[in-house]
Amino acid sequence: MYLSDFEQTDDFNDATFAVVDVETTGAAAADERMIEFAGYKVRKGKIVDQYVTLLNPGRHIPNFIRNMTGISNEMVYSAPQFKDTALDITRFLEGTVFVAHNSQFDYSFVRTEMKRAGYDFEMPQLCTRKLSSRLFPQLPRKALDQVCHHLGIKISGRHRAYGDARATAHLLIELLELVRERHEVVSLEELLRFQNLPHRVDRHGNQNVFKRAMTAAPNAPGVYRVYDGDDEIIYVGKAKNLKLRMASYLTENARDAEKVRKMLGKARKLEWEITPSEVSALLRELQLIRRYQPRFNSQLVNTRRFPFIKLSTDKKYERLDMVYELDEDGRYYGPFESSYVAEQVLFAADRHFKLVKCEKDFAEPFDPCLYFYIDRCAAPCTGRISPDAYNMEVKAVEEFLSGSFEKLTEELRVRLDELSKKLEFEDAAAARDLILMLEKTSSKLRLINGPIGKANFICGWSGEKGLEMYRVARGLVFGPVVTGKGEVEPGVNFLLNESEVIAADFVPLRILLNYALKNNAGFFVLGANGEAAEAELAARIKTAAGFSPDGGRKS
């Protein structure tokens, strides 16, 4: 089995990375054996899966390896050999990008062991050591412990595969954010190429500006403003950790985006403000960029965008489309975790419901297109369907997009059974994959489920500083309000009656929804438009946030 057929994607945030570390009996893959394998899957900035096992190498573990790793001959005596785990590891790695710190070493061992087990093995590689060299050229060494220390990442279980792999996974998450923001790398192809680009480091003339800022900046999320010699704001940025972001500017890398290099040359002063969380930093950044319009910022904040399915209402007959921006001219459903998932849901809707697919205005009747003849369109162009009957089809689509996939999945199961009996395995596999995707998607909360102008809810996240809450009313975002865990009710009162709107358009809502999809540990409560009494709403928020009635966290 070749693993080179990894999931193709235009945006590396849609890719799945398998972060791997191995412990071995020695340094040469051709002569030595693995004694531990650990892998952690990273997707959309989170660890989503893991596979860890000790391995019996079929030989004595040298004393120096035992002393370094703590893995003894007794520990691996009853462990499986690699050939016994090869299929499970293959399934774990399939469809991913292979990641390791000094990936050539780990990859060579996995590939050699796979060949011994009878598997052809080839995967795209991403090396966090190479990325660290390009992002932190000022570090004298790029060993895992030094880079993790620089970023404040703790390693629990050093020189054990499970500990090093997990630390490398957290390191990868930080590196990917820096690569996107500072170097404007977006696609997976660019990312894989970026790690191998030559680099040159210059200690730019304004290094002391950022060195002072790094010394004074806190280890906290926030936004920062860069000023030139005329005291004009020339750049606004956001960071999950302000101190680390200032440290990243201490050197100028030849691979930096041009606007970054020019900004570094003109910087004379930095100011920052702490925000309660990363999402409030994103929203505050939007406000500051719009207010000051700094010359080195794009007008729109470059945030990760997730797709929606839009049911257009600006034409005589509604139709479906996948979009990234929000407006008032339709009903929206989403967001979805990737364009692939949205496309699959759209494909299922287009295949099983008969809304129009063309862009015509239907002012006059005309001959139907191919979709009518393959039973994919009700063809209102022919006058054969009444507006009421078409609206019934629209309501069925709305119910489907609201997450009610049961009827369609049941039909697909019947079709799957029929295809299997006919030995049409390729079509059966496609039906099976569509069933699995629909079941997975229906289990996720649809944050937007209708017209944007009618979106009303309260959402938030619990952090070290308390409960951070946002109110969405008629699609506009208000807040944030940060309240102690025992003061939710007065916080809700302020949020409903006194909080200010962040912006008079739907961009903050898109930012909020994107963040909510990536950080699903938050809460989401309907009734932010006055339908529920404040005390009742506060009680529901406490429940959704996992608090006990007295405000404490439930155990």
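None of these values were measured; they are calculated from a predicted model. The residue numbering used here restarts from 1 in each chain and proceeds along that chain's sequence as written. Only residues with pLDDT of at least 70 get local features here, since the model is predicted, and only at 80 or more are side-chain atom pairs given and counted; chain-wide, interface and lining totals rely on the full set of residues. Computation of side-chain values: all heavy atoms of the structure, hydrogens and water removed.

**Some details on the pattern of salt bridges**
We apply this condition: Every case where a carboxyl oxygen of Asp or Glu lies within 4 Å of a side-chain nitrogen of Lys or Arg is listed as a salt bridge. Only runs of H or I of at least four residues qualify as helices and only runs of E of at least two qualify as strands under DSSP, and these elements are numbered from the N terminus. Exposure categories follow from relative accessible area, calculated using a 1.4 Å probe and restricted to protein chains: below 20% of the type maximum is buried, above 50% is exposed, and the middle band is partly exposed.
Here the structure, examined in full by the defined rule, presents 21 salt bridges. Here Glu177 ties to Arg245 by a salt bridge, and the two come within 4.0 Å at their closest N and O atoms. You can see Glu177 sitting in helix α7 (residues 161-183) and its partner Arg245 sitting in helix α10 (residues 242-248), a full 68 residues away along the chain. Summarising the burial analysis for this pair, Glu177 and Arg245 share the class buried.

**Topic: the confidence of the model for the chain**
Low-pLDDT stretches of the model should not have their predicted coordinates read in fine detail. To keep it simple, the criterion reads: The predictor attaches a confidence to each residue, and that confidence, scored 0 to 100, is pLDDT. Pairs of residues are marked as contacts when any of their non-hydrogen atoms sit within 4.5 Å.
On average, residues of the chain carry a pLDDT of 82, and 85% of them reach 70 or more. Across residues 1-6, confidence stays below pLDDT 50; counting only partners more than four residues off in sequence or on other chains, it has 21 contacts.

**Observations concerning the packing of helix α5 (residues 128-135) against α7**
When two helices pack together, their arrangement is given by the angle between the helix axes and by the axis-to-axis distance. Selection rule: Axis definition: a line fitted to C-alpha atoms, over the contacting stretch in the case of helices. Angles run 0 to 180 degrees between N-to-C directions. Under this scheme an angle from 65 to 115 degrees is roughly perpendicular, one under 35 degrees roughly parallel, and one over 145 degrees roughly antiparallel; angles in between are oblique. Left-handed describes a crossing whose near helix is turned anticlockwise from the far helix by less than a right angle; the clockwise case is right-handed. Each residue receives one of three labels: charged for Asp, Glu, Lys and Arg, nonpolar for Ala, Val, Leu, Ile, Met, Phe, Trp, Tyr, Cys and Pro, and polar for the others, Gly being one of them.
Contact geometry of α5 with α7 gives a least axis separation of 10 Å together with a crossing angle of 40 degrees. Comparing their axes, α7 and α5 come out oblique. Here the hand of the crossing between α5 and α7 comes out left-handed. Facing Thr128, Leu131, Ser132 and Leu135 of α5, the residues of α7 in contact are Thr168, Leu171, Leu172, Leu175, Leu178, Val179 and His183. Classifying every residue of the contact of α5 with α7 gives seven nonpolar, four polar and no charged.

**Things to note about the environment of Met322**
Relative to the helices and strands, Met322 is located in strand β12 (residues 319-323). Taking the C-alpha atoms as reference, Met322 lies 9.8 Å from Val345; in sequence the two are 23 residues apart. Other than its neighbours up to four places away in sequence, Met322 contacts Pro307, Phe308, Ser339, Ala342, Glu343 and Leu346.

**Brief notes about helix α12 (residues 278-292)**
Since the α-helix packs 3.6 residues into each turn, any two residues three or four apart lie on the same face. How we decide: Helices are assigned an expected span. That span is 1.5 Å times one less than the residue count. Pairing of N or O atoms within 3.5 Å defines a polar contact, subject to two protein rules: one partner must be a possible hydrogen donor and the other a possible acceptor, and residues neighboring in sequence count only if both atoms are side-chain atoms.
Its 15 residues give α12 an end-to-end C-alpha distance of 21 Å, which sits within 8% of 21 Å, the value for a rise of 1.5 Å per residue. Where α12 begins, the capping side chain belongs to Ser277, and its oxygen is found 3.4 Å from the backbone nitrogen of Val279.

**Quick word on the nonpolar core**
Note the cut-off: Each nonpolar core is a collection of buried residues, namely Ala, Val, Leu, Ile, Met, Phe, Trp, Tyr and Cys, held together in the definition by side-chain atoms within 4.5 Å.
Counting residues in each nonpolar core, the largest one holds 36 residues, and the members touching the most others are Phe17, Leu126, Phe136, Leu172, Leu188 and Leu191. Mapped by element, the contributors of at least two residues to this core are β1 (16-24), β2 (34-43), β4 (97-100), α5, α6 (144-151), α7 and α8 (188-194). Counting residues per element, this core draws most heavily on α7, at eleven residues.

**A word on the environment of Lys465**
When you line up the elements, Lys465 lands in the loop between β15 (456-463) and β16 (466-473). A residue is classified by how much of its surface remains accessible, and Lys465, at 53% relative accessible area, is exposed. Taking the C-alpha atoms as reference points, Lys465 and Thr483, 18 residues apart in sequence, are found 7.9 Å from one another.

**Quick notes on the environment of Leu250**
Summarising the element assignment, Leu250 is placed in the loop between α10 and β9 (252-253). It is 6.4 Å that separates the C-alpha atoms of Leu250 and Lys211, two residues lying 39 residues apart in sequence.

**Digging into the pairing of strand β8 (residues 233-239)**
Our working definition: Any two strands are treated as partners once DSSP identifies two or more bridges connecting them.
Burial analysis of β8 places seven of its seven residues in the buried class, the great majority of the element. In this structure, strand β7 (residues 222-227) lies alongside β8, joined through six bridges in antiparallel fashion. Across the sheet, residue Gly222 finds its bridge partner in β8, namely Ala239. In this structure, the hairpin formed by β7 and β8 is closed by a connection of five residues, where Asp231 is found at a positive phi of approximately 60 degrees.

**Let's talk about the sheet that holds β16**
Sheets are built from strands that pair by backbone hydrogen bonding, the pairs being arranged parallel or antiparallel. Judged by pairing direction, the sheet is antiparallel, and its four strands sit side by side in the order β17-β16-β15-β18 without closing on themselves. If you trace the sheet from one side to the other, it starts and ends with β17 (476-483) and β18 (523-526), each paired once. Taking the axes of each pair of neighbouring strands and ignoring which way they run, one obtains an average angle of 20 degrees across the sheet. Pairing geometry for β15 and β18, over four bridges, is antiparallel. When the sheet's bridge partners are listed, Ile458 is paired in β18 with Val525. Against the sheet, helix α19 (residues 507-518) engages β15, β16 and β17, with an angle of about 50 degrees to β15. Strands β15, β16 and β18 of the sheet are contacted by helix α20 (residues 534-545), whose axis makes an angle of about 150 degrees with β18.

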